[in-house]
Amino acid sequence: MTQDELKKMVGWAALEYIKPDMLVGVGTGSTVAHFIDGLATQKHLIKGAVSSSVASTDKLTALAIPILDSNDVDGIDIYVDGADEFNPDLMMIKGGGAALTREKVIAAMAKQFIAIADKSKQVDILGKFPLPVEVIPMARAYVARQLVRLGGMPEYLQNVVTDNGNVILDVHNLEILDPIELENKINAIAGVVTVGLFANRPADIILLATSAGVKKLTANS
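Report follows, based on the coordinates. (Residues numbered from 1 in each chain as written. Predicted model: local features only at pLDDT ≥ 70, side-chain atom pairs only at ≥ 80, totals over all residues. Heavy atoms only, no water.)

### Comments concerning helix 6 (residues 179–187)
Selection criterion: Only protein chains enter the calculation, and the probe is 1.4 Å; a residue is then buried if its accessible area is under 20% of its type maximum, exposed if over 50%, and partly exposed in between. Secondary structure counts use DSSP, requiring at least four H or I residues in a row for a helix and at least two E residues in a row for a strand, with both numbered from the N terminus. Picture the helix axis, draw a direction to every C-beta atom, and the arc is the one those directions span. Working rule for contacts: check all heavy atoms of both residues, and any pair within 4.5 Å makes them a contact.
Listed as buried for helix 6 are Pro 179, Leu 182, Glu 183 and Ile 186. Each buried residue of helix 6 lies within a common arc of 100° when the element is viewed along its axis, so the set occupies one face. The secondary structure elements touched by the buried residues of helix 6 are helix 4 (100–109), strand 7 (131–135), helix 5 (140–149), strand 10 (192–195) and strand 11 (197–198).

### Digging into the pattern of salt bridges
Applicable threshold: Here, a salt bridge means any side-chain nitrogen of Lys or Arg that lies within 4 Å of a carboxyl oxygen of Asp or Glu.
A complete count under the given rule lists seven salt bridges for this structure. Here Lys 111 ties to Asp 77 by a salt bridge, and the two come within 3.4 Å at their closest N and O atoms. In this pair, Lys 111 sits in strand 6 (residues 110–118) while Asp 77 sits in strand 3 (residues 76–82), placing the two residues 34 residues apart along the sequence. The partner of Asp 81 in a salt bridge is Lys 94, with the nearest N and O atoms 2.7 Å apart. Of the two residues, Asp 81 sits in strand 3 while Lys 94 sits in the loop between strand 5 (92–93) and helix 4, which places them 13 residues apart along the sequence. With a relative accessible area of 0%, Asp 81 lands in the buried category. Look at Lys 94 and you get buried, because its relative accessible area is 2%. Each of Asp 81, Lys 94 and Glu 103 takes part in one network of salt bridges that share partners.

### Some details on a nonpolar patch on the surface
Applicable threshold: For patch building, the residue pool is restricted to those with more than 30% relative accessible area and no salt bridge; the joining distance is 9 Å between like charges and 5 Å between nonpolar side chains (Val, Leu, Ile, Met, Phe, Trp, Tyr). Per-residue accessibility takes into account occlusion by the displayed protein chains alone, with areas from the Shrake-Rupley method and a 1.4 Å probe.
A grouping of Ile 136, Met 138 and Val 193 is seen on the molecular surface, where their side chains present a nonpolar patch of about 290 Å² in accessible area. If you trace the backbone, Met 138 turns up in the loop between strand 7 and helix 5.

### Some points on the packing of helix 2 (residues 30–39) against helix 3 (residues 54–62)
Stated precisely, the cut-off is as follows: Convention adopted: a line fitted to C-alpha atoms gives each axis, helices being fitted over their contacting stretch, and angles between N-to-C directions are expressed from 0 to 180 degrees. Angles below 35 degrees are treated as roughly parallel, those above 145 as roughly antiparallel, those between 65 and 115 as roughly perpendicular, and all remaining angles as oblique. A crossing counts as left-handed when the near helix is turned anticlockwise from the far one by less than a right angle, and as right-handed when that turn is clockwise.
Where helix 2 meets helix 3, the closest approach of the two axes is 10 Å, and the angle between their N-to-C directions is 25°. Judged by the angle between their axes, helix 2 and helix 3 are roughly parallel. Judged by the twist between their axes, the crossing of helix 2 over helix 3 is right-handed. The segment helix 2 lies against helix 3, with Ala 33, Ile 36, Asp 37 and Leu 39 engaging Ser 56, Lys 59 and Leu 60.

### Section: the sheet that holds strand 6
Let me state the cut-off plainly: DSSP bridges decide pairing: two strands pair if at least two such bridges lie between them.
With mixed pairing, the six strands of this open sheet are ordered in space as 2-1-3-6-12-13. The open sheet has two edge strands with one neighbour each: strand 2 (48–51) and strand 13 (213–217). This sheet shows a mean twist of 25° between the axes of neighbouring strands, independent of strand direction. In this sheet, strand 3 lies alongside strand 1 (residues 23–26) in parallel orientation, the contact comprising three bridges. The residue of strand 3 that forms the bridge with Gly 25 is Tyr 79. Its contacts with the sheet place helix 1 (residues 3–13) against strand 6, strand 12 (205–210) and strand 13, and it is angled at close to 145° to strand 12.

### Here's the deal with the packing of helix 1 against helix 2
To keep it simple, the criterion reads: Note on residue classes: Ala, Val, Leu, Ile, Met, Phe, Trp, Tyr, Cys and Pro are nonpolar, Asp, Glu, Lys and Arg are charged, and everything else, Gly too, is polar.
Between helix 1 and helix 2, the shortest axis-to-axis distance is 8 Å and the interhelical angle comes to 50°. When the axis of helix 1 is compared with that of helix 2, the two are oblique. Read as a crossing pair, helix 1 and helix 2 show a hand that is right-handed. Contacts between helix 1 and helix 2 involve Asp 4, Lys 7, Lys 8, Val 10, Gly 11 and Trp 12 from the first element and Ser 30, Thr 31, His 34, Phe 35, Asp 37 and Gly 38 from the second. For the contact of helix 1 with helix 2, the class distribution of residues is three nonpolar, five polar and four charged.

### Comments concerning the side chain of Glu 134
Heads up, the condition is: In this charge count, Lys and Arg are treated as positive and Asp and Glu as negative; neither His nor the chain ends contribute. Whenever a nitrogen or oxygen atom comes within 3.5 Å of another N or O atom, the pair is scored as a polar contact, on the condition that within protein one atom can donate a hydrogen and the other can accept it, and that pairs from neighbouring residues in sequence are kept only if both atoms are in side chains.
By secondary structure assignment, the location of Glu 134 is in strand 7. As a buried residue without a salt bridge, Glu 134 has its nearest oppositely charged side chain in Arg 102, at a separation of 7.3 Å. At 3.0 Å, the side chain of Glu 134 and the side chain of Asn 164 are in polar contact. Dropping the residues within four chain positions of it, Glu 134 is found in contact with Leu 100, Thr 101, Thr 162, Asn 164, Asn 166, Val 167, Ile 168, Gly 191, Val 192, Val 193 and Thr 194.

### A short note on helix 5
Every buried residue of helix 5 is accounted for by Val 143, Ala 144, Gln 146 and Leu 147. In an axial view of helix 5, the angular spread of the buried residues amounts to 165°, which keeps them on one side of the axis. Of the surrounding elements, those touching the buried residues of helix 5 are strand 7, strand 8 (153–156), strand 9 (167–172), helix 6 and strand 10. Positive backbone phi, at 100°, marks Gly 151, one or two positions downstream of helix 5.

Below, the structure is given as structure tokens:
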């Protein structure tokens, strides 16, 4: 199976969790794009979707899936998104596509968080994938110095502007042994909007695409 075939398989597998009258949070990325294609077949059953990025909003709109603003809803029934890396506790690094802040908001609002991924994203210890940090532009250099003090090697992604008008620092050289502690420390740095560590709010379920089919993972399974 090709990588894209695996992504399609797991994206469509997430449809099993979509029930009538649900409000669905929709993430960002190539795997989620397949989920959105599948969601279009059920758009007449759901209340609508809350999107985590302009790119996903554009795709949802093109498929005539109704979109609601996060400010107009009390909560979200289910959130489906990809993962750049995840550990046995279903804590993740996300935000390689620079949509991490909106993804975090929707994850926090969701009753159930389902991540869709392939085997290459599964690790024992987070940190091989660069950790994205969204930063307001005037704080970029200051935040970078603080990230160095935490043991990271931040790289400023030039010409990358988030949907919120901010910049991204990708932090390399991390071995994240305590994801919750690091998430809290980075979020406490002045000028940080948020960090792409999903540790305080991990996934509830990860659907893992394998050549033998889709495997359902729960924490430490």
